[in-house]
Amino acid sequence: MSRPSPIERPGAAVDTAGLAASLSQYRGQRGAAVPALEAVQARYGYVPYQALVVVAETLGVLPAEVFGVASFYEEFRFAPPGAHVIAVCTGTSCHLAGAQQLLAALEGELGIKTGQTTADGQFTLTQVSCPGPCAIGPVLMMDGEPQARVTPDAARRMLATLRSARSAQG
Amino acid sequence: MADEIAVTIDGKPLRARRGMTVYEVARENNLYIPTLCWDPTLKPFGACRMCLVQIEGQRGFPASCTTPAADGMVIRTNTPEVDQLHHDNLELLVAEHPHGCLHCHRRKHCGPFDICLRDVGVTDRCVVCPKDKQCELQRTCEDVGLHLRRPLKEDRALEAAVWEVRPVSLYRQLEAERQDPLFGRDYNLCIVCGRCVRACDEQRGISCISLVHRDRGTIIGTAFNLPLNQSGCEFCGACIDACPTGAIMEFSAMSQGKAERSATTICPHCPVGCQLRLDIRGQEEAAPVPGLMQGRDRGHPARGEDQIIRSSPTLTGPANMGEACHRGKFGLGYVSSPQRLTRPLLRKDGQLVESTWFEALDYLALELAKHRGEAFGAVGSARATNEANYLLQKFARTIMASNNVDHPGRQSYAALMEGLDEALGLPGSTNPTQELQRAAMALVLGADVMQVQPVVGVQLKRAAMLNGAKLVVVSPVQSELSRYAALWLRNRPGTEGVVAAGLLRAILDEGLAGDAAALAQRLEGVPELLASLAAFDAASVERTSGVSRDSLVQAARLYAQSPASAIVYCVGSAHRSQAPSDLQALTDLALVTGQLGRPSTGVYALADLTNLQGAYDMGMAPDRLPGGRAVANPAGRFAVEQVWGHHLPTRPGLGLPGMLAAGTQGRLKALYVLGEDLVEEAPDPGAVTAALSKLSLLIVQDSTLTSTAKLAHVVLPAATFAESDGTFTNGERRVQRLNQVVAPRGQSRPDWWIICQLAQELEGRGFAFRHASQVLQEIAMTTPPYGGISWERLEQQGLQWPCPSPDHPGTPILHQGQVARGKGKLAPIALLTPPTPDSRFPFVLTTAARALEQFQLPAGTKWFDARPLPEWVELHPQDAARLGLASDDPVRVVSPTGQVTARAKVSDGISPGVVGLTFHQERSAARLLGGRGATAVRLEKATAAG
């Protein structure tokens, strides 16, 4: 296991006062880290360092404690996500249905590891532990939308479509 | 007894108390159960699964550290199943730790350069680990008998051994964290027992590290893995002391091997008086003080010479009970600093040259004889022992016949103590600091406790964390403690006294302390107090201090109505002059509400210099003899004359400012300065230099060549705290024994020894002491509260004065039952006017909350010597915008008395119109404040940081 280096240095544009105000309902509640972090992620799409500091100040703890909670959950990201977030289900059913092969194919196609974002900022590849529709596995969540029975080839086609749509736009 | 239960462990019938865990019972009875995550100061955690046992009638193998012992329990710790479990769990724990050596039968015989015939990579071996031979994991592996059939990570170990040299730091493929100050972390050695995280959280209330990435490979880290000094870390080192492996280590202890011996003594850095265990490298047992000619004479610590490699707080220290702070943990390096003076220096032809004790003492005997009487002055030190201060003032008063004795920190502290003496009848803080953690409420004012006396700050945090105590923090700036405060009253700098008066008034107005008639029955001075309070109605208090009426009333109720409320006044640099009058108002508060004379109540005056209380008690003052007797009082003088067998001068002498003035005018000819750097600590170094330069004889006794010492005619090399026996009296009046743990470096000698030699050279009687304990014996004779204190009685725990007789147990809590003077005496409120900004000096100056990366440590601490600390000045964004300043800009802070250069830090943690300075250096305080209290300043843009 390699230790994630400081993923996001202090200095990201976080409107601390506004964020603090929006988190005021959690003031002084040491146990409210998860809902506060969810609010942060909803606001910025990820958890920037400065926002984590605001959460810590709101709860009355130091940032490390909040980070300990945040880093437990796959859901929280510490770097800005790409334009498209691809989450491959690695739950039991999807695993048996070939999720690992799917993940490997996507990693190869995108040239990144799971958890990373492509250099052009287009794709973030993550895994998720069972969003529920086990009957139609392997499942892939494309920007939050479940896609059924995604084979490696289907995934490649999906990426190609998204890429061509982008080049058509730009 | 109902609380006693009977359990059987491994067939042994044992008695235990209800509430103990099975592990605690076994431990108390010296029965071994392996543990790795258990720590005496922490709550049971049950993470390492090493302490599993079998309990008859219970399913499975419960962890003994989390299982409460019950009456009739039958426990087995050494059945084959349990042994196998211990072994297998240990195997899992070491799987991610370099373990080739942990199961090697030859480990103890292995040297760093030995060729290993097993498959252990050179850099994966225990001998290269900083914790080798003092490692709890090693010990546990031995005790459990770890036996691995093959290395757990065969491929990597082989690869390392055969193909390449892999640093041990790559075992988990984590990089070692070496960028932090003072200590390093290498999580490849971590077994994730969580002790450091729990120590940081439970013990210290910080939580700057946490278990992170608990989904994949759990490890310890800060938020975003940022360096510690950006994480809120206070560098107390509790995590280091908790770690069972080499994952967290002081830089000073790395590659030092096992300490050859350890010894306990008292930390020299503040008036908490923490007991520390010092681990020492070097074979020598501390020898008694050597004579004139002995002592190795080397300037630098040579190989094999005693060196303190690690310091850790002891659990049994009465004032700290397992706590220390960055200063006690890391600030002792100056003992072996290359800057230490090792021989007496004598000025010859304008140059200070190395000399011998014989020559220096001979010279001094001749010279001092010319300056007896009021031409002589002596400056003691609140950093020196009771014995040194006692002997110095005795030397000045008897042999030199002069009452010109003082020390730089005296004036403000003496005023504090005299205030307490006047109101209550005894000059000392009323209760032990350890009691603070059991207080129901604490009113905390003045400077940031976490900076001045961090260990007391921890007590306050614990009170809030463990007992839900209500902390009311009165402070202009946000601090670590305000995170724990039930109420943070954000006052303007310098208005603590106004807030205190406002609280008094609120308590009386709300009827929380009975009416005036009832008060007058208990207390003196009621009408005068009431009259003086007339000016402090809520509206005017709010106007002056900025604290609203509502919060004032809320705080007043909390203070008056809680079952045990304590007042903690922290005297920082900026509070010195206002502290006495503030403390009087606060003492009134305690008297009026009766929050006094019971556990966890009372008034705590926390100061910053180690032995201020001792120096006060020893009569290190121009107008007071030992025991607080006034010089001008014939009866008191007579009592001391009886013991000393010497007539004493009757006129009070000059204080330090007076002595310096007399030096400038040529009336004072000779000055003996012990352990203080008068030049650097002065508001106006130039004036002090001028005064000292005019003296015919300046003697400086110090451990390094300070700016003052450079002006001296004779410099006497003094031993440091670790090299001399003696006593300190801490802020809670506890007299504690300082033990000589290493031999004095070179020809440096303990202060008391030097004074005795000098006195005998001048043919003085009454200085034939052969050990500090004999000096203490005489102190007991001349200083009534110390009457029952002796060297032997202080061995373990120290004693809190008053301790008038040898069978007296000491007095932890003053004023129990009734106030010492009979009836408490209220002082009318008479406050200094808080500083008001004007057009020339538009900002009020306060002490900034500690910027995270900045800590005060004494010179000689290697890490900081290499990186001198800049001062930071904190200001509000509005003010910064107006002045065109941004964070990091160099700024000159100018006050009416002086100026310092600092870097700007723009922050909304501070009010507009207020600026906070970090005061890293004593001389910054001196220059800006000029010995007065809070002040107004202006900020100027500087071109370059100085």
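The structure displayed is predicted, hence computed values, not measured ones.

This part covers the overall build of chain B. The helix and strand tally for chain B stands at 27 helices and 36 strands. Since a compact globule built from 946 residues should have a radius of gyration of about 30 Å, the 30 Å found for chain B is in line with a globular shape. For the C-alpha atoms alone, the extent of chain B along its principal axes is close to 85 × 70 × 70 Å. At a minimum sequence separation of 6, the contacts of chain B that also span at least 24 residues come to 73%.

Residues and elements named next belong to chain B. For chain B, the assigned domains are domain 1 (4-169), domain 2 (345-409 + 613-728 + 735-800), domain 3 (413-447 + 454-599) and domain 4 (843-941). Averaged C-alpha coordinates put domain 2 and domain 3 at centres separated by 36 Å. In this assembly, five residues from domain 2 lie in contact with five residues from domain 3. Broken down by class, the residue content of the side of domain 2 that touches domain 3 amounts to two nonpolar, three polar and no charged.

Residues and elements named next belong to chain B. Taken in spatial order, the three strands line up as E27-E28-E29 in an open sheet, and their pairing is antiparallel. Of all the strands in the sheet, the pair left with one neighbour each is strand E27 (726-729) and strand E29 (799-800). In this structure, strand E28 (residues 734-738) lies alongside E29, joined through two bridges in antiparallel fashion. Bridged to valine 735 within E29 is leucine 799.

Right, let's talk about the domain arrangement of chain A for a bit. Domain annotation for chain A reports domain 1 (16-70) and domain 2 (84-169). Here the C-alpha centroids of domain 1 of chain A and domain 2 of chain A sit 29 Å apart.

What follows is about the nonpolar core. Formed by 304 residues in total, the largest nonpolar core has its most connected members in Val55 of chain A together with Ala442, Val444 and Tyr569 of chain B. Within the second largest apolar cluster, 17 residues are counted, among which are Ala99, Leu102, Phe123 and Val150 of chain A.

What follows covers unusual backbone geometry. The residue after glycine 137 of chain A, namely proline 138 of chain A, is reached through a cis peptide bond having omega -5°. Note that proline 138 of chain A resides in the loop between strand E2 (123-128) and strand E3 (140-142). Even without a glycine there, the phi angle at histidine 815 of chain B is positive, about 65°. By the element assignment, histidine 815 of chain B lies in the loop between E29 and strand E30 (824-825).

A few words on the packing of helix H8 (residues 357-369) of chain B against helix H23 (residues 751-761) of chain B. Residue and element names in this part refer to chain B. In contact at an axis separation of 9 Å, H8 and H23 are set at 55° when each is read in the N-to-C sense. Here H23 runs oblique to H8, going by the angle between their axes. Remark: the crossing between H8 and H23 carries right-handed chirality. Together, Leu361, Leu364 and Ala365 of H8 and Gln757, Leu758 and Glu761 of H23 make up the contact between the two elements. Of the residues contributing to the contact of H8 with H23, the split by class is four nonpolar, one polar and one charged.

Here the focus is the sheet that holds E3 of chain A. All names here are of chain A. Strand order in the open sheet formed by four strands is E2-E1-E3-E4, and the pairing between neighbours is mixed. Whereas interior strands pair on both sides, the edge strands pair on one side only; in this sheet they are E2 and strand E4 (145-147). Averaged over all pairs of adjacent strands, the angle between their axes in this sheet comes to 25°, without regard to strand direction. Of the strand pairs in this sheet, E3 and E4 are connected by three bridges, and their pairing is antiparallel. Paired with methionine 141 across the strands is proline 146, a residue of E4. Where helix H6 (residues 99-110) meets the sheet, it contacts strand E1 (84-89), E2 and E3, and its direction lies at approximately 150° from that of E1.

What follows concerns the pairing of strand E20 (residues 565-570) of chain B. Residue and element names in this part refer to chain B. Of all six residues in E20, six are buried; the element is thus mostly enclosed. A two-sided burial pattern is seen for E20, the buried positions comprising Ser565, Ile567 and Tyr569 on one face and Ala566, Val568 and Cys570 on the other. Sheet topology places strand E16 (residues 441-446) next to E20; six bridges connect them, and they run parallel. Bridging across to E20, methionine 441 finds its partner in serine 565. Relative to strand E21 (residues 602-606), E20 runs parallel, the two being bridged by five bridges. Residue pairing for E21: alanine 566 is matched across the bridge by glycine 602. In this view, the connection linking E20 to its parallel neighbour E21 by way of helix H18 (residues 579-593) has right-handed handedness.

Residue and element names in this part refer to chain B. Tracing the backbone shows asparagine 403 in the loop between helix H9 (386-399) and strand E15 (405-406). Among the residues examined, asparagine 403 registers 27 C-beta atoms within 10 Å and is labelled buried. Along the sequence, asparagine 403 and valine 379 sit 24 residues apart, while their C-alpha atoms lie 11 Å from each other. Dropping the residues within four chain positions of it, asparagine 403 is found in contact with Arg397, Pro622, Val631, Pro649, Arg651, Pro652 and Gly653.

Residue and element names in this part refer to chain B. Looking at the element boundaries, histidine 713 is found in the loop between strand E25 (697-702) and strand E26 (714-717). Judged by local crowding, histidine 713 falls into the partly exposed class, with 19 C-beta atoms found within 10 Å. Taking the C-alpha atoms as reference, histidine 713 lies 8.1 Å from valine 700; in sequence the two are 13 residues apart. For histidine 713, the residues in contact, after removing those within four places along its chain, are Arg347, Leu697 and Leu698.

Thresholds, definitions, all that
Residues numbered from 1 in each chain as written. Chains lettered and ligands numbered in written order. Predicted model: local features only at pLDDT ≥ 70, side-chain atom pairs only at ≥ 80, totals over all residues. Helix = DSSP H or I, 4+ residues; strand = E, 2+ residues; numbered from the N terminus. Rg over C-alpha atoms; globule rule 2.2 N^0.38 Å. Contact = placed C-beta atoms within 7 Å. Domains from an automatic or database assignment. Nonpolar A, V, L, I, M, F, W, Y, C, P; charged D, E, K, R; others polar. Pairing = 2+ DSSP bridges. Core = buried A, V, L, I, M, F, W, Y, C linked by C-beta atoms within 7 Å. Buried ≥ 20, exposed ≤ 12 C-beta atoms within 10 Å, placed from the backbone. Axes fitted to C-alpha atoms, helices over the stretch in contact; angles between N-to-C directions. Parallel < 35°, antiparallel > 145°, perpendicular 65-115°, else oblique. Left-handed = near helix turned anticlockwise from the far one by under 90°. Right-handed = clockwise from strand over helix to strand, strands pointing away.

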